Amino acid sequence: MPLVSLFSIIIVDIMNNKHRKVLDKIFQNPVKPIEWQDIEKLFIALGANMVEGSGSRVTFHLNEVTADFHRPLPGKEAKRYQIVDAREFLTKAGIDPKKV
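Criteria and thresholds
Residues numbered from 1 in each chain as written. Predicted model: local features only at pLDDT ≥ 70, side-chain atom pairs only at ≥ 80, totals over all residues. Heavy atoms only, no water. Core = buried A, V, L, I, M, F, W, Y, C linked by side-chain atoms within 4.5 Å. Buried < 20%, exposed > 50% of the residue type's maximum accessible area, 1.4 Å probe, protein only. Helix = DSSP H or I, 4+ residues; strand = E, 2+ residues; numbered from the N terminus. Contact = heavy atoms within 4.5 Å. pLDDT = per-residue confidence, 0-100. Pairing = 2+ DSSP bridges. Axes fitted to C-alpha atoms, helices over the stretch in contact; angles between N-to-C directions. Parallel < 35°, antiparallel > 145°, perpendicular 65-115°, else oblique. Nonpolar A, V, L, I, M, F, W, Y, C, P; charged D, E, K, R; others polar.

1. Some remarks on the nonpolar core
Part 1 of the argument: Counting residues in hydrophobic clusters, the biggest one holds 27 residues, and the most contacted among them are Ile-39, Phe-43, Phe-89 and Leu-90.
Part 2 of the argument: For this core, the elements supplying multiple residues, two or more each, are helix H2 (17-26), helix H3 (36-45), strand E2 (57-62), strand E3 (65-70) and helix H4 (80-92).
Part 3 of the argument: The leading source of residues in this core is H3, at five residues.
Part 4 of the argument: Not counting residues within four places of it along the chain, the set of residues in contact with Phe-43 comprises Ala-48, Phe-60, Phe-69, Ala-86, Phe-89 and Leu-90.

Rendered as structure tokens:
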């Protein structure tokens, strides 16, 4: 069995319906509002490691790809550029919403 298929099977077991909706929203154009905590939960469900930095900084490692983010302050919703950055991070990490 190809590695991608095995990886997809593992993700299917971990992700719930809300994670799927968030993943779909991240890849939508135009970008729709998403709460930052939902993006973090999606990254973790996909197997990312999270490292808390100073202040609002947080770093994620997924499939040998690293991305740094700053949590939105003072609101809960991710800014448009953060959603685009999350999309880029997932793409570089090999996450394809059509295959997950």
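2. Some words on the confidence of the model for the protein chain
Part 1 of the argument: Residues with a pLDDT of 70 or more make up 87% of the protein chain, whose mean pLDDT is 86.
Part 2 of the argument: Low pLDDT, under 50, characterises residues 1-12; the stretch is placed with ten contacts to residues that sit more than four places away or in other chains.

3. Re the pairing of E2
Part 1 of the argument: By the bridge criterion, four bridges tie strand E1 (residues 49-52) to E2 in an arrangement that is antiparallel. By the bridge assignment for E2, Glu-52 is matched with Val-58.
Part 2 of the argument: Counted along the chain from E1 to the antiparallel partner E2, the turn is four residues long, and its residue Gly-55 has a positive phi close to 65 degrees.
Part 3 of the argument: For E2 and E3, the ladder comprises six bridges, and the chain directions are antiparallel.

4. Let's talk about the sheet that holds E2
Within a sheet, each strand pairs with its neighbour through backbone hydrogen bonds, oriented either parallel or antiparallel.
Part 1 of the argument: Reading across the sheet, the three strands line up as E1-E2-E3 and stay open at both edges, with antiparallel pairing between neighbours. Edge positions in the sheet fall to E1 and E3, since each has one partner strand and no second. Looking at each pair of strands side by side, their axes are set apart by 20 degrees on average, direction ignored.
Part 2 of the argument: Running over the sheet, H3 touches E1, E2 and E3 and is turned about 30 degrees from E2.
Part 3 of the argument: Lying over the sheet, H4 contacts E2 and E3, oriented at roughly 170 degrees with respect to E3.

5. Description of the packing of H3 against H4
Part 1 of the argument: Interhelical geometry of H3 versus H4 gives an angle of 5 degrees and a closest axis separation of 12 Å. Put simply, H3 runs roughly parallel to H4. Contacts from Trp-36, Ile-39, Leu-42 and Phe-43 of H3 reach H4 at Gln-82, Ile-83, Ala-86, Phe-89 and Leu-90.
Part 2 of the argument: Each residue belonging to the contact of H3 with H4 can be placed in one class, and the counts come to eight nonpolar, one polar and no charged.

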